[in-house]
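Coordinate inspection notes
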Amino acid sequence: MSALAGIIPRQLVIANNEYLTLLVLVIGLALVVLALNVAVVSKKSSKKKNTVLITGLQFAGKTAIYYKIRNNKAVETVTSIKENEADVSIEEGKIIHLVDIPGHERLRFKFSEFMPIAGSVVFVIDSATIGRHTRQAAEYLYDILAHKISQKEKTPVLIACNKSDLLTAFKKDRIQTLLEGEMNKLRQTRTAALDTQDAEENETVFLGFEGQDFSFLDLENEVEFIECSVERDDIDAVREWVLAKTS
Ligand SMILES: Nc1nc2c(ncn2[C@@H]2O[C@H](COP(=O)(O)OP(=O)(O)OP(=O)(O)O)[C@@H](O)[C@H]2O)c(=O)[nH]1
Ligand SMILES: [Mg+2]
């Protein structure tokens with residue numbers, strides 16, 4: 001070192017040391033930023049896989065199903081004005097992030113905010129009143145299935161035909177036929193609207209195959225129909241579907 005001191009000017013040695021310190025600091029900072037990024041990304045993606053959106057029209061029984069899955073008990077509910085959210089352990093080692101979106105028409109658009117983290121969607125139907133609300137239900141379902149994220153990621157959708165305990169409840173096959181008929185009509189009006197608007201601004205897509213009647217089977221998203229009843233404590237099939245779609 002003393003030999004070097006003679007050869008390298010002292011100022012240069014000091015400058016080199018400062019440069020080294022600065023370099024170590026910059027690398028350290030970069031590593032911290034990288035670690036933080038990895039943590040945020042992995043948190044987002046783990047939430048993404050685990051988030052289940054409970055959607056559907058008002059009074060369908062979304063909040064009832066939410067509490068049944070969350071606490072395994074039926075609770076008295078009132079119409080929701082805000083989403084309910086919880087991390088629920090429904091099987092050992094498996095935690096799902098449940099989100100119950102209010103069904104009021106001015107609030108249901110909120111589902112869109114959660115689509116980036118949704119791994120699956122449960123669309124709840126009041127099987128006893130669906131005959132009167134087919135159009136509204138189909139409109140909402142269309143918005144979910146045509147959403148750009150659900151299109152891109154082929155988000156699976158469960159149509160939970162709730163309130164099957166009621167005598168007036170429609171069976172799931174009938175509900176499917178009703179919805180397909182209504183989606184068929186909707187598809188035409190929405191596509192007609194597309195022709196008159198700037199396609200770039202409009203996110204609506206054509207669902208299914210042109211020239212053929214609408215069928216859920218034609219979609220790339222997996223759409224399944226299940227009958228259930230919170231009243232009768234019969235939601236195991238919903239729970240199992242949710243579990244199967246959650247990694
Ligand atoms: N008979 C019967 N009634 C049910 C069932 N599930 C829910 N309900 C009743 O239906 C009503 C509406 O249930 P909620 O869970 O509050 O409905 P929601 O879909 O959350 O409604 P919003 O929050 O207004 O969007 C309540 O009175 C529930 O007790 C069921 O399986 N059978
Ligand atoms: Mg509710």
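These remarks concern the structure in this document. Since the structure is predicted, the reported quantities are computational estimates derived from the model, not experimental observations. (Residues numbered from 1 in each chain as written. Chains lettered and ligands numbered in written order. Predicted model: local features only at pLDDT ≥ 70, side-chain atom pairs only at ≥ 80, totals over all residues.)

Some words on the overall build of the chain
For clarity, the threshold we go by: Each helix is a run of DSSP H or I of at least 4 residues and each strand a run of E of at least 2, with the numbering of both proceeding from the N terminus. Labels follow a simple rule on C-beta atoms placed from the backbone: if 20 or more others lie within 10 Å of a residue's own, it is buried; if 12 or fewer, it is exposed; otherwise it is partly exposed.
A count of helices and strands for the chain gives eight helices and six strands. The secondary structure elements of the chain, listed N-terminal to C-terminal, are α-α-β-α-β-β-α-β-α-α-β-α-β-α. When the 247 residues of the chain are sorted by exposure, 30% land in the buried category.

So, the nonpolar core
Put simply, the rule is: For our purposes the nonpolar core covers buried Ala, Val, Leu, Ile, Met, Phe, Trp, Tyr and Cys residues that link as a set through C-beta atoms within 7 Å. Contact between two residues is assigned whenever their backbone-derived C-beta positions fall within 7 Å.
Ranked by internal contacts, the top residues of the largest apolar core, which has 47 residues, are Ile54, Ile65, Val122, Phe123, Ile125 and Ala160. Counting only elements with at least two residues in this core, the list comes to strand E1 (51–56), helix H3 (62–71), strand E3 (94–100), strand E4 (118–126), helix H5 (130–146), strand E5 (157–162), helix H7 (172–196) and helix H8 (236–245). At eight residues, the largest contribution of residues to this core is made by H5. Apart from residues lying up to four places away in sequence, valine 122 is in contact with Val52, Leu53, Ile54, Leu158, Ala160, Val238 and Val242.

Some details on the site of ligand 1
The condition that has to hold: The criterion for a residue being near a molecule or strand is a backbone-placed C-beta atom within 6 Å of that molecule or strand. Charged means Asp, Glu, Lys or Arg here, nonpolar means Ala, Val, Leu, Ile, Met, Phe, Trp, Tyr, Cys or Pro, and polar covers whatever is left, Gly included.
Neighbouring ligand 1 are 21 residues, the closest being Gly61, Thr77, Ser80, Gly103 and Glu231. The element contributing the most residues to the shell around ligand 1 is H3, with three residues. Split into classes, the residues belonging to the shell around ligand 1 amount to seven nonpolar, 10 polar and four charged.

Some points on unusual backbone geometry
Across residues other than glycine, the phi torsion is negative in most instances, and most of the peptide bonds are trans. In the Ramachandran plot, lysine 154 falls in the positive-phi region, its phi being about 50 degrees despite a non-glycine side chain. Examined against the element boundaries, lysine 154 turns out to sit in the loop between helix H6 (148–153) and E5. Even without being a glycine, aspartate 233 presents a positive backbone phi close to 60 degrees. Mapped onto the elements, aspartate 233 comes out in the loop between strand E6 (223–227) and H8.

Details of the pairing of strand E2 (residues 84–91)
Two faces make up the sheet, and in a regular strand the side chains alternate between them. Put simply, the rule is: Pairing between strands requires that DSSP locate at least two bridges from one strand to the other.
Looking at chain direction, E2 and E3 are connected through seven bridges and run antiparallel. Within E3, the residue paired with asparagine 84 across the bridge is aspartate 100. Between E2 and E3, which follow one another and run antiparallel, lie two residues, and glycine 93 among them has a positive phi close to 85 degrees.

Digging into the pairing of E1
Burial analysis of E1 places six of its six residues in the buried class, which makes it a mostly covered element. Alternating residues of E1 divide into Thr51, Leu53 and Thr55 and Val52, Ile54 and Gly56, and every residue in both groups is buried. Pairing geometry for E1 and E3, over four bridges, is parallel. Residue pairing for E3: threonine 51 is matched across the bridge by histidine 97. Judged from the six bridges that link them, E1 and E4 form a sheet pairing that is parallel. Residue pairing for E4: threonine 55 is matched across the bridge by phenylalanine 123.

Concerning the sheet that holds E1
To be explicit about the condition: Axis definition: a line fitted to C-alpha atoms, over the contacting stretch in the case of helices. Angles run 0 to 180 degrees between N-to-C directions.
The strand order E2-E3-E1-E4-E5-E6 describes an open sheet built from six strands, whose pairing is mixed. Single-partner strands in this sheet number two, and they are E2 and E6. Between one strand axis and the next, the sheet turns by 25 degrees as a mean value, whatever way the strands run. Running over the sheet, H5 touches E1, E4 and E5 and is turned about 170 degrees from E4. Sheet strands in contact with H8 are E1, E2, E3, E4, E5 and E6, and its direction is about 160 degrees off that of E4.

Quick look at H5
Applicable threshold: Given a helix with a known number of residues, its expected span is that number minus one, times 1.5 Å.
Here H5 contains 17 residues, and its C-alpha end-to-end distance of 21 Å is more than 12% below the 24 Å for a straight helix at 1.5 Å per residue. When we look at burial in H5, the residues that qualify are Ile130, Ala137, Ala138, Tyr140, Leu141, Tyr142, Ile144 and Leu145.

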